[in-house]
Amino acid sequence: MNKFLILIIIGIFLIPISSIIPSLGGLWYSQYISLSICLFFGIALFLWNFNKTLAIFDIICILSAFLITNLNSRAIILLFNLNFGCLGVYLLSKFNQQQRQVIIRSIFILFLLQYLWLILQANNISIPINIKGRHIDITFKSIYDINKKELVAFSASPDQLGTFFALTLPVALYIHPLFALLSLAGIFISKSAFAFISGISGGLIYFYFIRKKIFKILLILILPIFLLFYFKYADKLTSADFKTRGGVWKYAIQSTLKGNINIEHFGNNITIKTNSLYGYGLGKFLLYFPFVPQKSNHFNFATEKFNHAHNDYIEIFFELGIIGIISLIALLTNFFKNFISAKKSKELIMLFSCLVVYLLNSSGNFLSQIAVSGMLLMIYYGMFKGAMRENGQTTASC
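K.L.:
Explain the environment of Ile370 here, please?
P.N.:
With respect to the helices and strands, Ile370 occurs in the loop between helix H14 (346-361) and helix H15 (371-390). Along the primary structure Ile370 and Gln160 are separated by 210 residues, whereas in three dimensions their C-alpha atoms are 8.6 Å apart.

Given below as structure tokens:
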């Protein structure tokens, strides 16, 4: 029997009858949640023939939200983002090369607009406008905190500014190598070490496949100078920086493996238990970690509060457990495996480089839950799949 037909038949009975489940809230809310779950599973089934490893990861997220988190609002929002993002990847994969070129050039225009905004912000420039007789001055300051003297353009924080320029560095190289200098300058301004390392790595990967002679020159002569200059003048990392994030990462991993985490809530000490196989549930890192005792775990929140792990892999491990991280590894393994065996066009290499930048940067910043970086991931991966399809790589697992 057709799998979609089975799902529809299940939904016909499940959605009305779910109103008797008290844990899901009121009658209508319970039915709405049941309808959403059926739709999410429908998307996962649709993805199965397109990308099996992506579909498996999606199913694990759906089950985690439904069975572990009791479908809290944050889990539902994440499911909507994930599933519509997956559908976006599928639709983008159907675009031909000419259509993909339009998208690539649109991203490059966005890159230039970001840089223009950065220049205006650096010079504290105001642009007067008049709307129906009302005079308004648009001042280009930090949109995250107008009192901070940070250059962030529309990225809201220095780390996300660096992330944006790192993610678009291979695109700049693709348009013309000289534009990469603007990307590097933007990363320097952001003072984001992980953005710098990931951006440089993406650029090197691009040159390795496009121009190996330039790659060797960059690797031997230019790269050491860049590294020395950046970490001496732009981002002077201290042991405290590593200690703070390292402490959070270590505690998140240990809490998942042990299957329990201690939090303080309104003066009460609470121990939350789980199973390391499936973790604490989709979206739970943000709900638990702000309440983890700081002093007893030697966390230093003097400069930063860790609502996120600033490491997407550890956050996924905490929320989805061993099963979730294994499914992610399978997805990434197939991604690299298929690229290695593919016919490598200039466009495919650029898209692969962008995705590698994303994967590397995710180990030191939180990207997947930020709208702009999440959008770029969807676009790059969708176009990567489309380029693979045109190159004769049609496997459903890449």
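Next, the rest of the story.
K.L.:
Looking at this model, I keep getting lost on the nonpolar core. Mind explaining?
P.N.:
As a rule of thumb, soluble globular proteins bury nonpolar side chains together. Judged by nonpolar contacts, the single largest core of 83 residues is most densely connected at Phe165, Val171, Met350, Tyr380, Tyr381 and Phe384. Counting residues per element, this core draws most heavily on H14, at eleven residues.

K.L.:
In this structure, what is going on with the environment of Lys52? I would like to understand it.
P.N.:
By the element assignment, Lys52 lies in helix H3 (residues 52-68). For Lys52, a relative accessible area of 33% gives the class partly exposed. When the C-alpha atoms of Lys52 and Ala330 are compared, they prove to be 10.0 Å apart, with 278 residues separating the residues in sequence.

K.L.:
How should I be thinking about the packing of aromatic side chains in this particular structure?
P.N.:
The relative placement of two aromatic rings is captured by the distance of their centres and the angle of their planes. Counted by the stated rule, this structure contains 29 aromatic pairs. With centroids separated by 4.8 Å and ring planes inclined at 70 degrees, the aromatic side chains of Phe108 and Phe179 adopt a geometry described as edge-to-face. A residue pair is termed long-range when its members are at least 10 positions apart, and Phe108 in helix H5 (residues 97-122) and Phe179 in the loop between helix H7 (169-175) and helix H8 (180-190) qualify at 71 residues. When the ring of Tyr206 is compared with that of Phe207, the centres are 5.9 Å apart and the planes differ by 80 degrees; the resulting orientation is edge-to-face. When its relative accessible area of 2% is taken as the criterion, Tyr206 is described as buried. Members of the aromatic cluster, joined through ring pairs, are Phe108, Phe111, Tyr115, Trp117, Phe154, Phe164, Phe165 and Phe179. Lying across the ring of Phe339, Lys344 places its NZ or CZ 5.1 Å from the centre. A cation over a ring is seen here: Lys385 above Phe50, with NZ or CZ 4.6 Å from the ring centre.

K.L.:
What am I meant to see in unusual backbone geometry here?
P.N.:
Excluding glycine, a negative phi dihedral is what most residues carry, and trans is how most peptide bonds are arranged. Although it is not a glycine, Lys191 adopts a positive phi angle of roughly 55 degrees. Summarising the element assignment, Lys191 is placed in the loop between H8 and helix H9 (193-210). The phi angle at His310 is positive, at roughly 55 degrees, despite the residue not being glycine. Residue His310 is classed as buried on the basis of its relative accessible area, which comes to 6%.

K.L.:
Teacher, can you tell me more about the pairing of strand S3 (residues 260-265) here?
P.N.:
Regular strands place side chains that alternate from one sheet face to the opposite one. Looking at chain direction, S3 and strand S4 (residues 268-273) are connected through six bridges and run antiparallel. The residue of S4 that forms the bridge with Ile261 is Ile272. Taking the residues that link successive antiparallel strands as the turn, the S3-S4 hairpin has two residues, and the phi of Phe266 there is positive, at about 55 degrees.

K.L.:
Whenever I open this one, H5 confuses me. Can you help?
P.N.:
Look at H5: 37 Å from first C-alpha to last across 26 residues, which is about the 38 Å you get at 1.5 Å a residue. Those residues of H5 that fall on the buried side of the exposure criterion are Arg100, Gln101, Ile103, Ile104, Ile107, Phe108, Phe111, Gln114, Tyr115, Leu118, Leu120 and Gln121. In this structure, the buried residues of H5 make contact with helix H4 (73-93), helix H6 (158-167), H7, H8, H14 and H15. Its side-chain oxygen at 3.2 Å from the backbone nitrogen of Gln98, Asn96 defines the N-terminal cap of H5. Note on H5: the residue one or two positions beyond its end, Asn124, has a positive phi of about 50 degrees.

K.L.:
I'm lost on the environment of Leu286 in this one. Help?
P.N.:
Mapped onto the elements, Leu286 comes out in helix H12 (residues 284-288). The sequence separation of Leu286 and His308 amounts to 22 residues, and the corresponding C-alpha distance is 6.0 Å.

K.L.:
What is the right way to read the packing of H6 against H9 from this model?
P.N.:
Pairs of packed helices are described in terms of their axes, by the angle between the two and the distance that separates them. Orientation of H6 relative to H9, taken along the N-to-C sense of each, is 0 degrees, at an axis distance of 8 Å. As judged from the angle between their axes, H6 and H9 are roughly parallel. The segment H6 lies against H9, with Gly162, Thr163 and Ala166 engaging Ala195, Ser198 and Gly199. Of the residues that constitute the contact of H6 with H9, the class distribution is two nonpolar, four polar and no charged.

Scoring rules and cut-offs
- Residues numbered from 1 in each chain as written.
- Predicted model: local features only at pLDDT ≥ 70, side-chain atom pairs only at ≥ 80, totals over all residues.
- Heavy atoms only, no water.
- Helix = DSSP H or I, 4+ residues; strand = E, 2+ residues; numbered from the N terminus.
- Core = buried A, V, L, I, M, F, W, Y, C linked by side-chain atoms within 4.5 Å.
- Buried < 20%, exposed > 50% of the residue type's maximum accessible area, 1.4 Å probe, protein only.
- Phe/Tyr/Trp six-rings, centres within 6.5 Å; stacked < 30°, edge-to-face > 60°.
- Lys NZ or Arg CZ within 6 Å of the ring centre and 35° of its normal.
- Pairing = 2+ DSSP bridges.
- Expected span 1.5 Å × (residues − 1).
- Contact = heavy atoms within 4.5 Å.
- Polar contact = N/O pair within 3.5 Å; in protein donor to acceptor, adjacent residues only side chain to side chain.
- Axes fitted to C-alpha atoms, helices over the stretch in contact; angles between N-to-C directions.
- Parallel < 35°, antiparallel > 145°, perpendicular 65-115°, else oblique.
- Nonpolar A, V, L, I, M, F, W, Y, C, P; charged D, E, K, R; others polar.

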